[in-house]
Each structure stands twice: as C-alpha cells, then as structure tokens.
Amino acid sequence: MTIYLPDNIAGFRQAFNETCDRILRSEYNETFFKLLLDLIAILKDHSLLKGYFNKFEHEYSKWRQEYIGIASKVLEYNWSKLWQYHRCRYDHRKQLVRIRRIVTAPNAIEFSPLYPRAICNMRLFCYSSPFFRCISDTPFLFRTAQYQINLWAMFGERFCTAEEQVTKLIKITVVKLKINDRKKDKIYQLSAGIKQNETILDKVPITKKRASMLLKRPIEPLSSLYSPQAATLIQKFGMPGHNSDEKRRNMLIRAETTPFFCLERFRFLEQCLNTPSNYQPLPQIVKRKTEINQEIWSAAFERCEREALCYAKSVFLQQNYSSQHKDPFVSYEYEIRRKDFEKYLNALKNHIHAYLYQIDNSKKEIEDSPLIVLPGTQSANFVIELAKKFWKNHPTAIYDEVYDDYLAKCPSTKLLSRPSWERIVRERKLDPRSREQKKRRKGKKTLQN
C-alpha cells in the first residue's frame, strides 16, 4: 500500500485519516506492523510534522539522560551499602563483584534492561545474606526481648536487693541465653537503648568498656540501607499498577493523554522491529575499571537496552510464526500486541490533529493581525520567504513558475503586482540561477527576422 500525505493541512487531514483506517483494517499482523512503521517514517520526514517529531526526539534524549543519571545513583548507593555490611566474608565479596561486573565487564547476555537486572541480582543476594535475615527477624526478636525484659525486671525485684539488682540482672540475662548466641548482643543493645520507660534498665550504669563492646558501630535506621532516590525514580519513570495487566492499562491511558508517551511507544516499536536478530557477542574487556563514570553507565544502559530489544523481537516473531512463546519472561514494557498498538495509533491520530489545529489557528491569527495590513515591508516578506522556499526545492525554475507559486500561497490582502514582485526579487538577489540560465529565450519577432 502506497502512503501519500499532502503538504496542505486540509488534504493532509483527509489522507491521514484514510491511511490510519486502512492500516487498522489490515488482516494480518505482519502487514499491520509493516504499514505502521512506514507511516511513522513518512510522518517524521513530512514538512508539517518534522518540527513536532524533532521536538520529541530532543525531549526524549533529555528524559533518557535523566533516567540514566538517577538509576545509576540508586544502583551505586545500594551496592555500596551491601559492600559495607558484607565485605568481611569472601563469598559475599565475590557475589557483589559479580553484580558490579554487569556494568564494568559483562560476560553474559541476559536480555533484560540494566536497572531491573541489577536490582534482581541484589535481591537474590539479600536472600542469602545473614544480615538481611536478621533484619527480617527483627520484629519477632524485639517482641521476644521486650517480653523477657519485663520478666527480668519482676524477677530481679523479687530475688535481689536494691543494691544488687544491676549485677544480678546482667548475670541472669547471660545465663538465660546460650554462650555463642548472637541474640545476646542484640538484646544488650536493645536494653541499653531504651531510655523512655522508667524501668530498672534506666538505672543500669554502663561503663565505657561495656559501651564500646556493645556499640562498636553506630546503629543506622533501616531506611538508610536503600537509596532515597528510588522513590523518585519509580514515581517519575515507573508505571503504577500491581500487575502487568494494570500497568498495561495505565500505559494506554497515558498514551491517550500524553503525546510524549504515545510517541515513545512508537519509537520503541521502530527500534525493536529494526533490531538485528543475530546479536553480536560481547567484546572482551582489556582492563578492569575500579571507578564507574557516567560514560560507562550510559554505555551499559544502552547495551542492556539493545539486548532487551533483541529478546522482545524474538518473542514477537515466535508469537507470529510458532505456537510456543516466552511471554512470561518479557516485561510489560517490551510486549508487542496488535490490540495495544491499534489504540496507540488512534491516540497518535488525535494528538496530530490537535497539533495541526494549533498550526491552522496560528496562521489565521497571523493573517488577521493588524500588523500585517501595514504597507511596505510586510508585503515584501511574503515575496522573499516564498521565493526562497520555491527556488530551494527547484533551483532551475523560471520567474513564471515562482510567481505562480507566490499567487497560490500569498494572502489575497498582501498580493503584489508582477513588476513589484520582480523588483523585490532583483533587489534581494533571490534568483540562484546563473547568467546563462537567466537569459530570455527568443520570442516570435526575433525568430521571424
């Protein structure tokens, strides 16, 4: 199917609507997506919408750089916190170095974006970490310790004198726990940190030696283990929803209300289907990098993005040509479904019609403006602009062709006569032709002689 979109607004609207309807009525999915890519390529190069798409590309590059900057800070912060609490054991260090090499020295292709890949590996590491297991058991440990502290207070008051309560209480706590039990240190910290309630523990005189043994390192809140910018990343670049169906529905709603997101979905489709199917192997890293700068982060994000696009394309081709597919392993952002892109196309049509309406209104305001009715240079501006555009597209055009184009496009209130038009063209030297091309042809009288 040939797609032709005129340069004037009225003809463009009619042809664009007819083209969208024909694409939506296509029977096969392969035809639908091929025509959709052809339409997007034509719209990008069209004279009416070229600035619209260029503005989107500029905004998308800024949006992408901002996303990479925030996501890289979140990953660096989380990794440094994991290294701070797990650097003593060789097994933990080895696992953390393997996570860091996803960015610095990748040795495998996992076909997923960088941020969810790194976050998933960090979560798997936390499942095998005794430190995070202790954090997950903290509520139970605190309730048990609080219950035992109340019992110890009653037990101490009943069997000890006022002078011996402190020493007897500490001895009882040590006897009740095992010798190598790690809960003992945690209970000491809890008992040393409680100062609000007026209990026997408030009167315990903690010496400097015991304080140094109990609190070798200051206790951090649990919120400090995770980057504070993670919430900003989810709020600004994430999609709300509890599951993939809710997120996909919110994507459709956002595409109908936000032109940027709608164009971003078509940009993803174009990149995904134009990605080569055979992914090239990863290059070998010659030198290990101790520090990760912004260039390394950007290169790692782009590499993982290409891997995710390649995997999404393979899943799309399997859905069309095979009964087996790998849908459960594809993120909702990388799924290509015809029903979704039909709705995206309708949303794009509405956004483009709104943009054309703005252009039409701005032209009418310029034509009806009282400043343009003034004589002199305002009328000459139409001659200069229209002549430059026509001679740029047709360098060998003669005066008659350029003047006909001027009569067709210039407002009726600003039209000039042919001598005035030729005078402006000569004075501004708008004709790009050479002297030989500007020579007039022989007329009838000269041919008769």
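Computed from a predicted structure; not experimentally measured.

1. Section: the overall build of the protein chain
Turning to step 1, where the next piece is worked out: A count of helices and strands for the protein chain gives 20 helices and 0 strands.
Turning to step 2, where the next piece is worked out: Residue burial in the protein chain is summarised as follows: out of 449 residues, 37% are buried.
Turning to step 3, where the next piece is worked out: At a minimum sequence separation of 6, the contacts of the protein chain that also span at least 24 residues come to 72%.
Turning to step 4, where the next piece is worked out: Only carbon and sulfur atoms are counted for the fraction: they give 53% of the accessible area of the protein chain, which is about 30,300 Å².

2. Quick notes on the pattern of salt bridges
Turning to step 1, where the next piece is worked out: Applying the stated rule across the entire model yields 22 salt bridges.
Turning to step 2, where the next piece is worked out: Its salt-bridge partner being Glu-270, residue Lys-44 comes within 2.7 Å of it at the nearest N-O pair. Here Lys-44, found in helix H2 (residues 29-45), pairs with Glu-270, found in helix H13 (residues 259-273); they are 226 residues apart in sequence, far enough to count as distant.
Turning to step 3, where the next piece is worked out: Relative accessible area serves as the criterion here: at 23%, Lys-44 is assigned to the partly exposed category.
Turning to step 4, where the next piece is worked out: Arg-100 is paired through a salt bridge with Glu-76; the nearest N and O atoms lie 3.6 Å apart. Of this pair, Arg-100 sits in helix H4 (residues 90-104) while Glu-76 sits in helix H3 (residues 50-86); the two residues are 24 residues apart in sequence, bridging distant segments of the chain.
Turning to step 5, where the next piece is worked out: Judged by its relative accessible area of 31%, Glu-76 falls in the partly exposed class.

3. Details of the nonpolar core
Turning to step 1, where the next piece is worked out: In terms of nonpolar packing, the biggest core is built from 52 residues, with Phe-12, Leu-39, Leu-43, Phe-266, Ile-336 and Phe-341 touching the most fellow members.
Turning to step 2, where the next piece is worked out: Only helix H1 (9-24), H2, H3, helix H12 (244-257), H13, helix H14 (294-321) and helix H15 (338-368) provide two or more residues apiece to this core.
Turning to step 3, where the next piece is worked out: If we ignore the near neighbours within four places in the chain, the residues touching Ile-336 are Phe-33, Phe-268, Leu-269, Cys-272, Leu-273, Phe-316, Gln-319 and Phe-341.
Turning to step 4, where the next piece is worked out: Counting 30 residues, the second-largest nonpolar core is a separate cluster that includes Ile-68, Val-74, Leu-75 and Leu-114.

4. Re the environment of Ser-244
Turning to step 1, where the next piece is worked out: Take Ser-244: it is sitting in helix H12.
Turning to step 2, where the next piece is worked out: Judged by relative accessible area, which is 36%, Ser-244 ranks as partly exposed.
Turning to step 3, where the next piece is worked out: Taking C-alpha positions, Ser-244 is 9.1 Å from Glu-333, a pair spaced 89 residues apart along the chain.

5. Focus on the environment of Leu-269
Turning to step 1, where the next piece is worked out: Here Leu-269 lies in helix H13.
Turning to step 2, where the next piece is worked out: Each C-alpha atom, one on Leu-269 and one on Lys-313, is 9.4 Å from the other, the two residues being 44 residues apart in sequence.
Turning to step 3, where the next piece is worked out: In contact with Leu-269, other than residues within four places in its own chain, are Phe-33, Leu-36, Leu-37, Ile-336 and Phe-341.

6. Brief notes about the packing of aromatic side chains
Turning to step 1, where the next piece is worked out: Taken as a whole and assessed by the stated rule, the structure comprises 26 aromatic pairs.
Turning to step 2, where the next piece is worked out: Seen from their ring centres, Tyr-67 and Phe-301 are 6.0 Å apart, and the 75° between their planes marks the pair as edge-to-face. On the criterion of sequence distance, the pair formed by Tyr-67 in helix H3 and Phe-301 in helix H14 is long-range, its members being 234 residues apart.
Turning to step 3, where the next piece is worked out: Residue classification places Tyr-67 among the buried residues on the basis of a relative accessible area of 16%.
Turning to step 4, where the next piece is worked out: Look at Phe-301 and you get buried, because its relative accessible area is 3%.
Turning to step 5, where the next piece is worked out: Summarising the aromatic geometry, the rings of Tyr-403 and Tyr-406 are spaced 5.9 Å apart at their centres and angled 35° between planes, so their arrangement reads as tilted. Here Tyr-403 and its partner Tyr-406 are both found in helix H17 (residues 399-409), 3 residues apart, which amounts to about one turn of the helix. Both residues of the pair, Tyr-403 and Tyr-406, belong to the buried class.
Turning to step 6, where the next piece is worked out: Between Arg-100 and the ring centre of Trp-79, over which it is positioned, the NZ or CZ distance is 4.6 Å.

7. Observations concerning H13
Turning to step 1, where the next piece is worked out: Taking 1.5 Å per residue as the helical rise, H13 with its 15 residues ought to reach 21 Å, and the 22 Å between its terminal C-alpha atoms agrees with that figure.
Turning to step 2, where the next piece is worked out: Burial runs high along H13: 12 of the 15 residues are buried.
Turning to step 3, where the next piece is worked out: Of all the positions in H13, only Phe-261, Cys-262, Leu-263, Glu-264, Arg-265, Phe-266, Arg-267, Phe-268, Leu-269, Glu-270, Cys-272 and Leu-273 are classed as buried.

8. A closer look at the side chain of Glu-335
Turning to step 1, where the next piece is worked out: With respect to the element layout, Glu-335 can be found in the loop between H14 and H15.
Turning to step 2, where the next piece is worked out: Relative accessible area serves as the criterion here: at 12%, Glu-335 is assigned to the buried category.
Turning to step 3, where the next piece is worked out: Of the polar contacts made by the side chain of Glu-335, one reaches the side chain of Arg-337; its length is 3.4 Å.

9. Digging into the packing of H1 against H2
Turning to step 1, where the next piece is worked out: Relative to each other, H1 and H2 sit at 160°, their axes nearing to 9 Å. As summarised for this structure, H1 and H2 are arranged roughly antiparallel, according to the angle between their axes. The interaxial crossing formed by H1 with H2 has left-handed handedness. Here H1 contributes Phe-12, Phe-16, Thr-19, Cys-20, Ile-23 and Leu-24 to the contact with H2, which in turn contributes Phe-32, Leu-35, Leu-36, Leu-39 and Leu-43.
Turning to step 2, where the next piece is worked out: Taken together, the residues of the contact of H1 with H2 break down into 10 nonpolar, 1 polar and no charged.

10. Focus: the confidence of the model for the protein chain
Turning to step 1, where the next piece is worked out: For the protein chain, the mean per-residue pLDDT works out to 78, and 73% of the residues sit at or above 70.
Turning to step 2, where the next piece is worked out: Segment residues 152-159 is flagged for pLDDT under 50; beyond a separation of four residues in sequence, or across chains, it makes 9 contacts in the model.
Turning to step 3, where the next piece is worked out: Low confidence marks residues 368-377, where pLDDT is under 50. Its contacts with residues over four positions away, or in another chain, come to 8 contacts.

11. Observations regarding the side chain of Arg-248
Turning to step 1, where the next piece is worked out: With respect to the helices, strands and loops of the structure, Arg-248 is situated in helix H12.
Turning to step 2, where the next piece is worked out: Within the local environment of Arg-248, its side chain forms a polar contact with the side chain of Glu-335, the two groups lying 2.6 Å apart.
Turning to step 3, where the next piece is worked out: Not counting the four nearest positions on each side in its chain, Arg-248 is found in contact with Glu-335, Arg-337 and Asp-340.

12. Concerning the packing of H3 against H13
Turning to step 1, where the next piece is worked out: Running from N to C, H3 and H13 point in directions that differ by 85°, and their axes come no closer than 10 Å. Considering their axes alone, H3 and H13 lie roughly perpendicular with respect to each other. Residues Tyr-52, Phe-53, Phe-56, Glu-57, Glu-59, Tyr-60 and Trp-63 of H3 form the contact with H13, whose participating residues are Pro-259, Phe-260, Leu-263, Glu-264 and Arg-267.
Turning to step 2, where the next piece is worked out: The class makeup of the residues in the contact of H3 with H13 is 8 nonpolar, no polar and 4 charged.

Each value, and the rule that gives it
Residues numbered from 1 in each chain as written. Predicted model: local features only at pLDDT ≥ 70, side-chain atom pairs only at ≥ 80, totals over all residues. Heavy atoms only, no water. Helix = DSSP H or I, 4+ residues; strand = E, 2+ residues; numbered from the N terminus. Buried < 20%, exposed > 50% of the residue type's maximum accessible area, 1.4 Å probe, protein only. Contact = heavy atoms within 4.5 Å. Areas by Shrake-Rupley, 256 points an atom, 1.4 Å probe, with all protein chains shown as cover. Salt bridge = Lys/Arg side-chain N within 4 Å of Asp/Glu carboxyl O. Core = buried A, V, L, I, M, F, W, Y, C linked by side-chain atoms within 4.5 Å. Phe/Tyr/Trp six-rings, centres within 6.5 Å; stacked < 30°, edge-to-face > 60°. Lys NZ or Arg CZ within 6 Å of the ring centre and 35° of its normal. Expected span 1.5 Å × (residues − 1). Polar contact = N/O pair within 3.5 Å; in protein donor to acceptor, adjacent residues only side chain to side chain. Axes fitted to C-alpha atoms, helices over the stretch in contact; angles between N-to-C directions. Parallel < 35°, antiparallel > 145°, perpendicular 65-115°, else oblique. Left-handed = near helix turned anticlockwise from the far one by under 90°. Nonpolar A, V, L, I, M, F, W, Y, C, P; charged D, E, K, R; others polar. pLDDT = per-residue confidence, 0-100.

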